[in-house]
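Secondary and tertiary structure notes
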Amino acid sequence: MPVFSKTSEAHLQTCHPDIVAVCRELIKQYDFAVLCGHRSKAEQNQAFERGSSRLVYPQSAHNQLPSHAVDIAPYPIDWQNLMRFREMWLRFDALARLMRGRGEIESEFEWGGEWNTLKDYPHIEIKN
C-alpha cells in the first residue's frame, strides 16, 4: 500500500479536513504526491508571476488556512501523461462522493483540469 512521504504529509496537514480525509482514503489505493496545500503571500504571488496561477494573494483557495485547495500528482510524476491526472481526479471524486454520502465529509470538489482557461491538472479545490 502506498504511503505519503514526509513532504507530502506536511503539505497535506495544511489542508481542510475534508481534503485530508479524501486524500487519506485515496492513498490506500492509488499512489500520488501532495505538491501543495496552503500558500503564503510570497508563494502565491510567485505562482502568479510564473503563470501557474491566475490569482494573486489572497484570492486563491490555497491562501486560506486550512487550505481549501490541494495540488496532487500521480506518482511517479510524469507531467506529459495527462490521462493519469484525469484518472487520479476520477478516483478522488468517486471517493469524495462516497464519503459525502456516508456523512464522513461535507465538501464537494472541482478539478482544475476541467477549467476553460488555465488548465491546472494537479489542482483540486472545494466548491464554494
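Further up the page is the structure itself.
Residues numbered from 1 in each chain as written. Predicted model: local features only at pLDDT ≥ 70, side-chain atom pairs only at ≥ 80, totals over all residues. Heavy atoms only, no water.

**Section: the sheet that holds strand 3 (residues 109-111)**
By definition, the strands of a sheet pair up through backbone hydrogen bonds, in either a parallel or an antiparallel sense. The strand order 1-2-4-3 describes an open sheet built from 4 strands, whose pairing is antiparallel. A single partner strand is all that each edge strand has here, and the edge strands are strand 1 (32-36) and strand 3. Looking at each pair of strands side by side, their axes are set apart by 30 degrees on average, direction ignored. Packing of helix 2 (residues 17-26) onto the sheet brings it into contact with strand 1, strand 2 (69-74), strand 3 and strand 4 (123-126), and relative to strand 3 it is tilted by some 65 degrees. The strands touched by helix 4 (residues 82-101) within the sheet are strand 1, strand 2, strand 3 and strand 4, with strand 2 carrying the most contacts at an inclination of about 125 degrees. (Pairing = 2+ DSSP bridges. Helix = DSSP H or I, 4+ residues; strand = E, 2+ residues; numbered from the N terminus. Axes fitted to C-alpha atoms, helices over the stretch in contact; angles between N-to-C directions. Contact = heavy atoms within 4.5 Å.)

**Quick look at the nonpolar core**
Ile19, Val22, Phe32, Ile72, Phe92, Phe109 and Ile124 are the most contacted members of the largest nonpolar core, which has 27 residues in total. Listed by contribution, the elements that provide at least two residues to this core are helix 2, strand 1, strand 2, helix 4, strand 3 and strand 4. Looking at this core element by element, the count peaks at 7 residues for helix 4. Beyond its immediate chain neighbours, meaning those up to four positions away, Phe109 contacts Asp18, Ile19, Val22, Trp89, Phe92, Ala96, Ile124, Glu125, Ile126 and Lys127. (Core = buried A, V, L, I, M, F, W, Y, C linked by side-chain atoms within 4.5 Å. Buried < 20%, exposed > 50% of the residue type's maximum accessible area, 1.4 Å probe, protein only.)

**Quick notes on the side chain of His62**
Mapped onto the elements of the fold, His62 is located in the loop between helix 3 (41-49) and strand 2. A relative accessible area of 1% means that His62 is categorised as buried. For His62, the contacting residues outside a window of four places in its chain are Cys36, Gly37, His38, Arg39, Gln44, Ser67, Ala69, Val70, Asp71 and His123.

**Focus: unusual backbone geometry**
Look at the link from Tyr57 to Pro58: it is a cis peptide, with omega at 5 degrees. Mapped onto the fold, Pro58 is located in the loop between helix 3 and strand 2. For the peptide bond that leads from Leu65 to Pro66, omega is 5 degrees, which places it in the cis range. Looking at the element boundaries, Pro66 is found in the loop between helix 3 and strand 2.

**Considerations on the layout of surface pockets**
For the largest pocket, the calculated volume is near 300 Å³. Lining the largest pocket are 18 residues, with Leu35, Cys36, Arg39, Arg50 and Asp71 positioned closest to its centre. Among the elements of the structure, helix 1 (6-12), strand 1 and helix 3 are those that each provide at least two residues to the lining of the largest pocket. Of the residues that constitute the lining of the largest pocket, the class distribution is 6 nonpolar, 6 polar and 6 charged. (1 Å grid on protein atoms, 1.4 Å probe; cavity = no way out; pocket = protein on both sides within 12 Å on 5 of 7 lines; lining within 4 Å. Points joined across faces, edges and corners; volume = space filled by probe spheres on them. Nonpolar A, V, L, I, M, F, W, Y, C, P; charged D, E, K, R; others polar.)

**Overview of the environment of Lys6**
Note on placement: Lys6 falls in helix 1. In sequence terms Lys6 and Val34 are 28 residues apart; their C-alpha atoms lie 10.0 Å from each other.

**Section: the packing of helix 2 against helix 4**
The N-to-C vectors of helix 2 and helix 4 enclose an angle of 115 degrees; their axes lie 10 Å apart at closest approach. Regarding helix 2 and helix 4, the two cross each other, and that crossing is right-handed. Here Ala21, Val22, Cys23, Glu25 and Leu26 of helix 2 come into contact with helix 4, specifically with Met88, Arg91, Phe92, Leu95, Ala96 and Met99. (Left-handed = near helix turned anticlockwise from the far one by under 90°.)

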